[in-house]
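# Coordinate inspection notes
Residue strings, one per chain:
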Protein chains: 2
Amino acid sequence: MAKKKKTTDAVEILRRRYIKDKKRKASLEAERVNAEVARMIYDLRTGADLTQGELAKLIGTKQSVISRLEDADYKGHSLSMLNRIANALNKKLNISIEK
Amino acid sequence: MAKKKKTTDAVEILRRRYIKDKKRKASLEAERVNAEVARMIYDLRTGADLTQGELAKLIGTKQSVISRLEDADYKGHSLSMLNRIANALNKKLNISIEK
DNA sequence: GACAAATATCACAATATTGCTATAATTATG
DNA sequence: CATAATTATAGCAATATTGTGATATTTGTC
């Protein structure tokens, strides 16, 4: 494939800046949600007066897994896992995309 | 390991029935959430007047992936994918566990 | 009906999440 | 301080999700 042409066009430069900015925002958004979910799990667990080991047993997994889920930097949250936790605590999982 | 003792105790029988019922409920709950999320994605996409192919391009994947996400029976929803969709549509993903 | 556009389905590779065990590190309790 | 209880980390296997391309099916238009 030919080499990409050098950009000298101001509009193109701004467009690329826009794209890059959008990606950065999306990435920050993801981090925000991950941290929020981690905190939510922690709050629910401690609110129910459970240790990580106890919650783990309730949903059929191990303590280390709960610890991982409560790590603010963890990126792997899934709806199925959130559902397992919600059910164990007799609550409901709600998802929405708005605004 | 020794064979599990035969259950003749009424309390034990009821407890097992309770556990089984709880598992069934959890399973139904998961199905409900999955279907809801699938529908939410469909509504957001059509609301934004996008084809599956267009939305796919916006989030950097393929049309078949969007089709899969909109299938009510799909069990693999992840927060990262929901985030990608929310960001592409300039909206925010909200998660809560309540009630 | 013919054709195009959009969606659904399939199969398989690539990647990510979860399960699991062991152990280190931290926190609570006497 | 010693000990137990709890939480954090690490590594790797098992499983699940996503990426991708090819093709079938459906839907809309003329």
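This structure is a prediction, so every number in the text was calculated from the model and none was measured. (Residues numbered from 1 in each chain as written. Chains lettered and ligands numbered in written order. Predicted model: local features only at pLDDT ≥ 70, side-chain atom pairs only at ≥ 80, totals over all residues. Heavy atoms only, no water.)

We now examine the overall build of chain A. The number of helices and strands found in chain A is 4 helices and 1 strand. Ordered by position from the N terminus, the helices and strands of chain A form the series α-α-α-α-β. When burial is assessed residue by residue, chain A has 32% of its 99 residues classed as buried. Taking all contacts inside chain A whose residues are at least 6 apart in sequence as the whole, residues at least 24 apart take part in 48%. (Helix = DSSP H or I, 4+ residues; strand = E, 2+ residues; numbered from the N terminus. Buried < 20%, exposed > 50% of the residue type's maximum accessible area, 1.4 Å probe, protein only. Contact = heavy atoms within 4.5 Å.)

With that out of the way, let us pick up the protein's contact with DNA strand C. Around DNA strand C, 17 residues are found, and the nearest of them are S64, Y74 and S78 of chain A together with Q52 and Q63 of chain B. Within 4 Å of the protein, the contacting atoms of DNA strand C are 56% sugar and phosphate, with bases supplying the remainder. Contact distances for DNA strand C include 2.9 Å between a base oxygen and a side-chain N or O atom of S64 of chain A. One nitrogen or oxygen atom from the side chain of Q63 of chain B is found 2.9 Å from a base nitrogen belonging to DNA strand C. When contributions to the surface near DNA strand C are tallied by element, the ones reaching two or more residues are α3 (63-69) and α4 (79-88) of chain A together with α3 (63-69) of chain B. (Near = heavy atom within 4 Å. Polar contact = N/O pair within 3.5 Å; in protein donor to acceptor, adjacent residues only side chain to side chain.)

This part takes up the interface of chain B and chain A. Tallying the contact residues gives 26 residues for chain B and 26 residues for chain A. Regarding the contact of chain B and chain A, the summed buried area is about 2700 Å², with carbon and sulfur atoms giving 58% of it. Taken together, chain B and chain A are joined by 0 salt bridges. At the boundary of chain B and chain A, one finds 6 residue pairs in polar contact (both at pLDDT 80 or more). Listed by contribution, the elements that provide at least two residues to the side of chain B that touches chain A are α1 (10-47), α4 (79-88) and β1 (92-98) of chain B. Of the residues belonging to the side of chain B that touches chain A, the class tally is 12 nonpolar, 7 polar and 7 charged. With 7 bridges joining them, strand β1 (residues 92-98) of chain A and β1 of chain B adopt antiparallel strand pairing. (Buried area = accessible area lost by both parts, 1.4 Å probe. Salt bridge = Lys/Arg side-chain N within 4 Å of Asp/Glu carboxyl O. Nonpolar A, V, L, I, M, F, W, Y, C, P; charged D, E, K, R; others polar. Pairing = 2+ DSSP bridges.)

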